[in-house]
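So the chains spell out like this:
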Amino acid sequence: MSRSIVRQSKFRHVFGQAAKAEQSYDDIRVSKVTWDSSFCAVNPKFLAVIVESSGGGAFLVLPLSKVGRVDKNYPLVIGHSGPVLDIDWCPHNDNILASGSEDTTTMVWQIPDHTPCRPISEPIVVLEGHSKRVGIVKWHPTARNILLTAGSDNLIIIWNVGTGEPLITMDDHPDLIYNVSWNYNGSLFCTTCKDRRLRVCDPRKREVVAERLSPHEGIRPMRAIFTKEGNIFTTGFTRMSQRELGLWDPTNFEEPIALLELDTSNGVLLPFYDPDTSMVYLCGKGDSSIRYFEITEEPPYVHYLSTYSSKEPQRGMGFMPKRGVDVSKCEIARLFKLHERKCEPIIMTVPRKSDLFQDDLYPDTVGPDPALEPEEWLDGRDEDPILISLRDGYVPPKSRELKVSKKNVLDSRPAPRRSLSAVDGSSLPPQLLEKLVEEIQSLKATVLSQEKRICDLENKLSKYTNGTV
């Protein structure tokens, strides 16, 4: 890695700084499960961390403002019967989060704006389709309610969360899938797999459109992410177990655009990509540093910028979407570093003397509105994300309820008693059938009215706790 040539870039002097001790989140028992996910997800409203829990899987969700020591009795999100392996916030609704677990299910949760009084145990939808643990959950970047899950059964399933239905199932992987990354408009995704292949998949054609054997020659796990321009950035290991990064053109997998050796270490490098600045932040599990690079169109294409170093190793990492950064302080990225017992924000800043809004640092960025409905995307339409300006900062909207088709949600949940579908209808008199249907409709109406009452009360409580009343 040659650093002798001075290159013109506004990101050459980006520096990282840990938040003050009182701005950290303390006394969080981070999960010890052996799985190479980031264990942390963050958005402009909430911080979510997978935590240790007895008798199943749980994760902690905190409002970003709730810094300091976390009470040991703080309500968790519980519901999985096995350890939670991956979590991901919906890009189109800051109160919706998906979780994948060893219990083979994926659950989608609505997180209230106010602090709950008791643990959240009822997901709004349970997605059941995998036969082994679900290790990867990824929301579609532009289409509403589209969620991708990947499991240890080597299946990739794409769901419509609004109905609880699986839309697409792909079984092209012969071994464990390490990671999945959508491209900028969600028309393709790339995967890395234990068979040492990097694949580019078109989900709507249900086929692999490009693949490369051993982009990194080592046998240890790889990671791959799409860049905004459509190239693929990878991290992996050489044959001699040195960590390595690469940049590839998926239309020509023969030769890499760039290939750089980094160091000798065991930790898998988790890449976090910012499409607005074309910067990649590399965080190795067990490392105590964060390296960051800029991807450009000039050789050597992947430019080393700097390293943020600290004393404590990281157990996982969360990456804030650009709309959650503080533009008044020239902050271009915020990472949330998981220690063994706490979560520490790390702020990446471009040094500037002016207090004015810096247009060159903040082009219009991805906003919270979906560009497509699920049916449009499934029919083959593609749209880039809808962009917003950060000139006046970003204020997250109030909680919006995810509308879910009750019929499909009920079908997707295991029935606690024998369902009507299991009863032979021909053996029942018509009058009894009519009576049963009437009773069911009456019960449904009662449940819906109670749900509305609960929602109204929660909104009222939210107003009081937020000080708006």
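On a predicted model such as this, the values are computed, not experimentally measured, just so you know. (Residues numbered from 1 in each chain as written. Predicted model: local features only at pLDDT ≥ 70, side-chain atom pairs only at ≥ 80, totals over all residues. Heavy atoms only, no water.)

Caption draft 1: Representation of the overall build of the protein chain in the model. Assigned secondary structure in the protein chain consists of 3 helices and 32 strands. Taken over the C-alpha trace, the protein chain has a radius of gyration of 23 Å; the compact-globule value for 469 residues is 23 Å, and the two agree within 12%. Taking the principal axes of the C-alpha coordinates as reference, the protein chain spans close to 85 × 55 × 40 Å. At a minimum sequence separation of 6, the contacts of the protein chain that also span at least 24 residues come to 53%. As displayed, the protein chain offers around 22,700 Å² of accessible surface, 49% of which is attributable to carbon and sulfur atoms. (Helix = DSSP H or I, 4+ residues; strand = E, 2+ residues; numbered from the N terminus. Rg over C-alpha atoms; globule rule 2.2 N^0.38 Å. Contact = heavy atoms within 4.5 Å. Areas by Shrake-Rupley, 256 points an atom, 1.4 Å probe, with all protein chains shown as cover.)

Caption draft 2: Just unusual backbone geometry, in detail. A cis amide bond, omega 0°, links Pro 299 with the succeeding residue Pro 300. Notably, Arg 196 is not glycine yet its phi reads approximately 70°, a positive angle. Within the secondary structure, Arg 196 sits in the loop between strand E17 (189-193) and strand E18 (197-202). Even without being glycine, Ser 241 reaches a positive phi, approximately 65°. With respect to the helices, strands and loops of the structure, Ser 241 is situated in the loop between strand E21 (232-237) and strand E22 (242-248).

Caption draft 3: Just the sheet that holds E18, in detail. The strand order across the open sheet built from 4 strands is E16-E17-E18-E19, with neighbouring strands paired in antiparallel fashion. Only two strands of the sheet have a single neighbouring strand rather than two, namely strand E16 (177-182) and strand E19 (207-213). This sheet shows a mean twist of 20° between the axes of neighbouring strands, independent of strand direction. In this sheet, E19 lies alongside E18 in antiparallel orientation, the contact comprising 6 bridges. Residue pairing for E19: Leu 198 is matched across the bridge by Arg 212. (Pairing = 2+ DSSP bridges. Axes fitted to C-alpha atoms, helices over the stretch in contact; angles between N-to-C directions.)

Caption draft 4: Highlighting the nonpolar core. Counting 40 residues, the largest nonpolar core has Ile 28, Leu 47, Phe 59 and Phe 336 as the members making the most contacts within it. Of all the secondary structure elements, the ones that give two or more residues to this core are strand E3 (40-42), strand E4 (46-51), strand E5 (57-63), strand E8 (84-89), strand E10 (105-110) and strand E29 (331-338). Counting 28 residues, the second largest nonpolar core, distinct from the first, contains Tyr 292, Leu 305, Phe 319 and Tyr 362. (Core = buried A, V, L, I, M, F, W, Y, C linked by side-chain atoms within 4.5 Å. Buried < 20%, exposed > 50% of the residue type's maximum accessible area, 1.4 Å probe, protein only.)

Caption draft 5: Quick peek at the sheet that holds strand E26 (residues 289-295). Taken in spatial order, the 4 strands of this open sheet run E24-E25-E26-E27, and their pairing is antiparallel. The open sheet terminates on both sides in strands that have one partner only, identified here as strand E24 (269-274) and strand E27 (302-309). Sheet twist, expressed as the average angle between the axes of neighbouring strands with direction ignored, equals 25°. Two elements, E26 and E27, share 7 bridges in a ladder whose sense is antiparallel.

Caption draft 6: Expanded view of the UniProt feature "repeat: WD" (unreviewed entry) in the protein chain. As recorded in UniProt, the sites labelled "repeat: WD" (unreviewed entry) are residues 77-111 and 127-169. Span residues 127-169 is 0% helix and 56% strand, its end C-alpha atoms 13 Å apart. (UniProt positions renumbered as here; feature names shortened; annotations may be inferred.)

Caption draft 7: The packing of aromatic side chains, seen in detail. One pass over the structure, following the stated rule, counts 10 aromatic pairs. Seen from their ring centres, Tyr 281 and Tyr 292 are 5.8 Å apart, and the 35° between their planes marks the pair as tilted. Of this pair, Tyr 281 sits in strand E25 (residues 279-284) while Tyr 292 sits in strand E26; the two residues are 11 residues apart in sequence, bridging distant segments of the chain. Of the two residues, Tyr 281 and Tyr 292, both sit in the buried class. Pairing Tyr 281 with Phe 319 gives two aromatic rings, centres 5.7 Å apart and planes at 45°, and the pair type is tilted. A residue pair is termed long-range when its members are at least 10 positions apart, and Tyr 281 in strand E25 and Phe 319 in strand E28 (residues 316-319) qualify at 38 residues. (Phe/Tyr/Trp six-rings, centres within 6.5 Å; stacked < 30°, edge-to-face > 60°.)

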